[in-house]
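# Results of the structural survey
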Amino acid sequence: MFKVKAYATHSATDRLAPFSFERRDPGPHDVQIDILYCGVCHSDLHQARNDWSNSLYPMVPGHEIVGRVVKVGSHVTKFKPGDLAAVGCMVDSCRRCEPCEGDLEQYCVEGCTLTYNSRERGSQNLTFGGYSEQIVVEQRFVVKAPENLDVKGVAPLLCAGITTYSPLRHWKVGPGQKVGIIGLGGLGHMGVKFAKAMGAHVVMITTSPEKGKDAMRLGADEVLVSRDPEAMKAAQGTFHFLLNTIPVGHDVNPYLALLKLDGTMALVGALTALEPPPRGRNLIGGRKTLAGSLIGGMAETQEMLDFCGKHNIVSDVEVIRIDEINEAYERLLKNDVHYRFVIGMASLKAA
C-alpha cells in the first residue's frame, strides 16, 4: 500500500477538500499511473452532491484520467513505464457475462465497477477516482493515449469523448448522412468533432443562436435554433441520426419530428424522466427509434483514442488548479465553461 494525496467530499453538502488515502500496490496485472490531468465531468458534481441518491462517502471524484505509467505488474503486457495511459469511467467488471465477453463491459450484467463511487469487486473498499496523485488499475481497463495529442485535451475523451463516439459508431454515422447534435456543451462539442471527422453533414441544434459561431468553428456545417418554430418545421423529416446530449429531462417530441423514415435519436445525457413523455405516434409514424447509449467498452475506447490520434481530435478545455474545484462546480451549474474543465494535477502534488 502507498499513500496518495487527493481532494474528496465527505457529504452531499461538503466542499471538496484535501484528503489522503492508501492505494494498493500494483498486482501482477495492474498498471500504476502518475496522473497528469483529470477532467471534471458534470456527473462528478451530481455524485458529489448526491443528486442521484447513490453516493458513497468519502468520495474522490474523477473518471477522465490521463497520465504516465510509473510501474507495471509482472504479467502486464500492454504497458511499460513511461507510456501515456488513460483511465475512464470503469475499472472492473465481471468479465464473464455476454456483454463483457463481447467487449461491452459498460453493460456488464452484474454492473461494472466504477472508477469512483463504487466498491471494489469482492470487497467493501471504495473506489477513489482521479482527483488524486496516482491510480492503480488492472491493465484491461487502461488504454493507451496517442502521444501526438495535447495531453490536457485528452483527459475528457475518456468520458465526454467515448460517450459521443460510441453511438455515432454504433449507428454507423458517415458520409451521405445528415446528423444533428443536440446541445453544445461538454458532450455536444465532442459530438460535432466526431461526426464531422466521420464524414457526415453536421448540424448543431441549440436553443442559443449565439452558440452558432462557435459550433461552426468546431466543425458544424449548419446551425438549427430549436426555439425557432419555422426553422424546426422546415427541418422536419430530414435527419438520419440525432445525438441528444441534453443533460436533464426535456420534451423530445420536437426532435423526433426532425428524423427521416427509420431515423434514430440516441440519448446520452438525460438520466431522469422525459417530460412530457414521447408520444407514440411520433415513433410509429416514421418507424423511428428513440434509443440510449452508455460510454463504451474498453476495445471501443481504445479505438476512439486511436481515431482521435489520426484526426487530431481533443476536447476544448480550461485548465484549473485542484484548489479551484469548488468554484468550477459552481460554474458548471451555470454552464460557464467552454467546454470542459481539466485539473492540472501538478497543483495537487505541489500542495
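Since this is a predicted model, take the numbers as computed values, not measurements. (Residues numbered from 1 in each chain as written. Predicted model: local features only at pLDDT ≥ 70, side-chain atom pairs only at ≥ 80, totals over all residues. Heavy atoms only, no water.)

### A few points about the overall build of the protein
Worth spelling out the cut-off: We count a stretch as a helix when DSSP gives it H or I for four or more residues in a row; a strand needs E for two or more, and each element gets its number in order from the N terminus. Summary of the burial criterion: residues with accessible area below 20% of their type's maximum are buried, those above 50% are exposed, and those between are partly exposed, where the area comes from a 1.4 Å probe applied to protein chains only. The contact definition used throughout considers only heavy atoms, calling two residues in contact when any of these lie within 4.5 Å. The accessible surface values rely on the Shrake-Rupley method and a 1.4 Å probe; as for residues, cover is taken only from the protein chains in view. In summary, the charge assignment counts Lys and Arg as positive and Asp and Glu as negative, without counting His or the chain termini. Here the site of a charge means atom NZ of a Lys, CZ of an Arg, CG of an Asp or CD of a Glu.
Secondary structure summary: the protein contains 12 helices and 17 strands in total. A buried classification covers 56% of the 351 residues belonging to the protein. Within the protein, residue pairs in contact and separated by at least 24 positions form 67% of the contacts whose partners lie at least 6 positions apart. Total accessible area on the protein is roughly 15000 Å²; 52% of this is exposed by carbon and sulfur atoms. Within the protein, one finds 38 positive and 39 negative side-chain charges whose respective centroids are separated by 3 Å.

### Overview of the sheet that holds strand β12 (residues 222–225)
Short version of the rule: Strand pairing is defined by DSSP finding a minimum of two bridges between the two strands. Axes here refer to lines fitted to C-alpha atoms; in helices the fit is confined to the stretch in contact. Angles between the N-to-C directions go from 0 to 180 degrees.
Taken together, 6 strands build an open sheet; the order of strands is β12-β11-β10-β13-β14-β15 and the sheet is parallel. Either end of the sheet is taken by a strand with one partner, and the two such strands are β12 and β15 (289–292). The sheet shows a mean angle of 20° between the axes of neighbouring strands, taken without regard to direction. The strands that helix α4 (residues 160–170) touches are β10 (178–182), β13 (239–244) and β14 (259–267); relative to β13, the one it contacts most, it runs at about 160°.

### Considering the pattern of salt bridges
Defined as follows: For this analysis, a salt bridge means a side-chain nitrogen from Lys or Arg found within 4 Å of a carboxyl oxygen belonging to Asp or Glu.
Applying the stated criterion to the full structure yields 23 salt bridges. In this structure, the salt-bridge partner of Arg96 is Glu110, at a minimum N-O distance of 2.6 Å. In this pair, Arg96 sits in the loop between β6 (90–92) and α2 (98–101) while Glu110 sits in the loop between α2 and β7 (113–114), placing the two residues 14 residues apart along the sequence. Judged by relative accessible area, which is 48%, Glu110 ranks as partly exposed. Asp316 serves as the salt-bridge partner of Arg217, at 2.9 Å between the closest nitrogen and oxygen. Here Arg217, found in helix α6 (residues 212–218), pairs with Asp316, found in the loop between α10 (298–311) and β16 (317–320); they are 99 residues apart in sequence, far enough to count as distant. Salt bridges sharing partners connect three or more residues here, namely Lys193, Asp214, Arg217 and Asp316.

### Examining the pairing of strand β5 (residues 84–87)
With burial as the criterion, each face of β5 is covered, one bearing Leu84 and Ala86 and the other bearing Ala85 and Val87. By the bridge criterion, 4 bridges tie strand β4 (residues 65–72) to β5 in an arrangement that is antiparallel. Each bridged residue has a counterpart across the sheet, and for Val66 the counterpart in β5 is Ala86. Relative to strand β9 (residues 143–144), β5 runs antiparallel, the two being bridged by 2 bridges. Residue Ala85 lies in a different strand from β9, and its bridge partner there is Lys144.

### Re the packing of aromatic side chains
Applicable threshold: We call Phe, Tyr and Trp rings a pair once their centres come within 6.5 Å, taking the six-membered ring for Trp, and we label the pair stacked below 30 degrees between planes, edge-to-face above 60, and tilted otherwise. Note on criteria: charge over ring means Lys NZ or Arg CZ within 6 Å of the ring centre, with the direction from the centre no more than 35 degrees off the ring normal.
Overall, the coordinates contain 7 aromatic pairs when judged by the stated rule. Taken together, the ring pairs connect Phe19, Phe21 and Phe128 into an aromatic cluster. Over the ring of Phe239 we find Lys178, and its NZ or CZ is 4.5 Å from the ring centre.

### Remarks on the environment of Lys3
In this fold, Lys3 is placed in strand β1 (residues 2–8). By relative accessible area, Lys3 is classed as exposed at 60%.

### Considering the environment of Asn253
With respect to the helices and strands, Asn253 occurs in helix α8 (residues 253–256). What makes Asn253 buried here is its relative accessible area of 2%. Residues Asn253 and Asn326, 73 residues apart in the sequence, show an inter-C-alpha distance of 36 Å. With residues near it in sequence (within four places) discarded, Asn253 still touches Pro276, Pro277, Pro278, Arg279 and Asn282.

### Section: unusual backbone geometry
Across the chain, the bulk of peptide bonds are trans and the bulk of non-glycine residues have phi less than zero. With omega at -5°, the peptide bond leading from Glu275 into Pro276 counts as cis. Each neighbour pair has its own omega, and for His338 with Tyr339 the value is -5°, a cis peptide bond. Checked against the element boundaries, Tyr339 lands in the loop between α11 (325–333) and β17 (340–344). At Arg95, a residue that is not glycine, the phi angle is positive and equals roughly 70°. Along the polypeptide, Arg95 turns up in the loop between β6 and α2. You will see that Asn117, though not glycine, has its phi angle at about 55°, which is positive. The exposure class assigned to Asn117 is buried, which follows from its relative accessible area of 8%.

### Focus: helix α5 (residues 188–197)
A large share of α5 lies buried, amounting to 8 of its 10 residues. Gly188, His189, Met190, Gly191, Val192, Lys193, Phe194 and Ala195 are the residues of α5 that are buried. Where α5 is buried, its residues meet α4, β10, β11 (201–206), α6, β13 and α10.

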